[in-house]
Amino acid sequence: QVQLVESGGGLVQAGGSLRLSCVASGSDFSIDAMGWYRQAPGKQRELVALMFSGGSRNYADSVKGRFTISRDNAKNTVYLQMNSLKPEDTAVYYCNADILQSAYLIPNNYWGQGTQVTVSS
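Criteria and thresholds
- Residues numbered from 1 in each chain as written.
- Predicted model: local features only at pLDDT ≥ 70, side-chain atom pairs only at ≥ 80, totals over all residues.
- Heavy atoms only, no water.
- Helix = DSSP H or I, 4+ residues; strand = E, 2+ residues; numbered from the N terminus.
- Rg over C-alpha atoms; globule rule 2.2 N^0.38 Å.
- Buried < 20%, exposed > 50% of the residue type's maximum accessible area, 1.4 Å probe, protein only.
- Contact = heavy atoms within 4.5 Å.
- Areas by Shrake-Rupley, 256 points an atom, 1.4 Å probe, with all protein chains shown as cover.
- Polar contact = N/O pair within 3.5 Å; in protein donor to acceptor, adjacent residues only side chain to side chain.
- Core = buried A, V, L, I, M, F, W, Y, C linked by side-chain atoms within 4.5 Å.
- Phe/Tyr/Trp six-rings, centres within 6.5 Å; stacked < 30°, edge-to-face > 60°.
- Lys NZ or Arg CZ within 6 Å of the ring centre and 35° of its normal.

Caption draft 1: View of the overall build of the protein chain. Helices and strands together make up the secondary structure of the protein chain, namely zero helices and 11 strands. When its helices and strands are written in sequence order, the protein chain yields β-β-β-β-β-β-β-β-β-β-β. The C-alpha atoms of the protein chain give a radius of gyration of 14 Å, which matches the 14 Å a tight globule of 121 residues would have. Its C-alpha atoms put the protein chain at 50 × 25 × 25 Å along the principal axes. Across the 121 residues in the protein chain, those meeting the buried criterion constitute 40%. For the protein chain, long-range pairs separated by at least 24 residues make up 55% of all intrachain contacts whose partners lie at least 6 apart in sequence. Carbon and sulfur atoms make up 48% of the accessible area of the protein chain, which totals about 6500 Å².

Caption draft 2: Structural detail: the side chain of glutamine 101. Checked against the element boundaries, glutamine 101 lands in strand E9 (residues 91-101). A distance of 2.6 Å separates a polar atom in the side chain of glutamine 101 from a polar atom in the side chain of tyrosine 110. With residues up to four places along the chain from it excluded, the contact list for glutamine 101 reads Gln1, Val2, Asp28, Phe29, Asn108 and Tyr110.

Caption draft 3: Representation of the nonpolar core in the model. Leu4, Met34, Trp36, Leu80, Met82, Tyr93 and Ile99 are the most contacted members of the largest nonpolar core, which has 31 residues in total. A total of five residues in this core trace back to one element, the largest contributor, which is E9. Beyond its immediate sequence surroundings of up to four residues, leucine 80 is in contact with Leu18, Arg19, Leu20, Trp36, Val48, Ala49, Phe67, Thr68, Ile69 and Tyr93.

Caption draft 4: Structural context of the packing of aromatic side chains. Taken as a whole, this structure holds two aromatic pairs when the rule is applied. For the ring pair tyrosine 37 and tryptophan 111, a centre distance of 5.0 Å and an interplane angle of 65° mean the geometry is edge-to-face. Of this pair, tyrosine 37 sits in strand E4 (residues 29-39) while tryptophan 111 sits in strand E10 (residues 108-111); the two residues are 74 residues apart in sequence, bridging distant segments of the chain. Residue tryptophan 111 is classed as partly exposed on the basis of its relative accessible area, which comes to 38%. Three or more aromatic residues link up through ring pairs in this structure, and these residues are Tyr37, Tyr94 and Trp111. The aromatic ring of tyrosine 94 is capped on one face by arginine 45, whose charged end is 3.7 Å from the ring centroid. Of note, arginine 45 hangs over the ring of tryptophan 111, and the distance from its end group to the ring centre comes to 4.6 Å.

Caption draft 5: Here's a closer look at the environment of valine 5. If you trace the backbone, valine 5 turns up in strand E1 (residues 3-7). Since its relative accessible area comes to 44%, valine 5 is described here as partly exposed. Along the sequence, valine 5 and serine 21 sit 16 residues apart, while their C-alpha atoms lie 8.1 Å from each other. Leaving out residues up to four positions away in the same chain, valine 5 has contacts with Ser21, Cys22, Val23 and Gln113.

Okay, structure coming up:
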């Protein structure tokens, strides 16, 4: 079974920075798309940033120019560097990945448990 474990959330003042990490663990798997979603109280979960195995990236308009997604494929890890944070970035951030395991013919989608990011004004 594959698991995604996030770390790096916390409380930061507006204008500050945080770096989130997400590690995929398990055996006999490969990762296609890997990225981050967030969910603020009372709102739907939304895509923040996504990175494909080939290196292409997608960002939500609200974070373009402030957030950067990167991957270390050797470590099965995805990072989200968040700069110039705003109070509206406050949310639970979830790691998400499409993972192909050797026992299956098609990838399965996995979620991490989430990490809280709080930006104070």
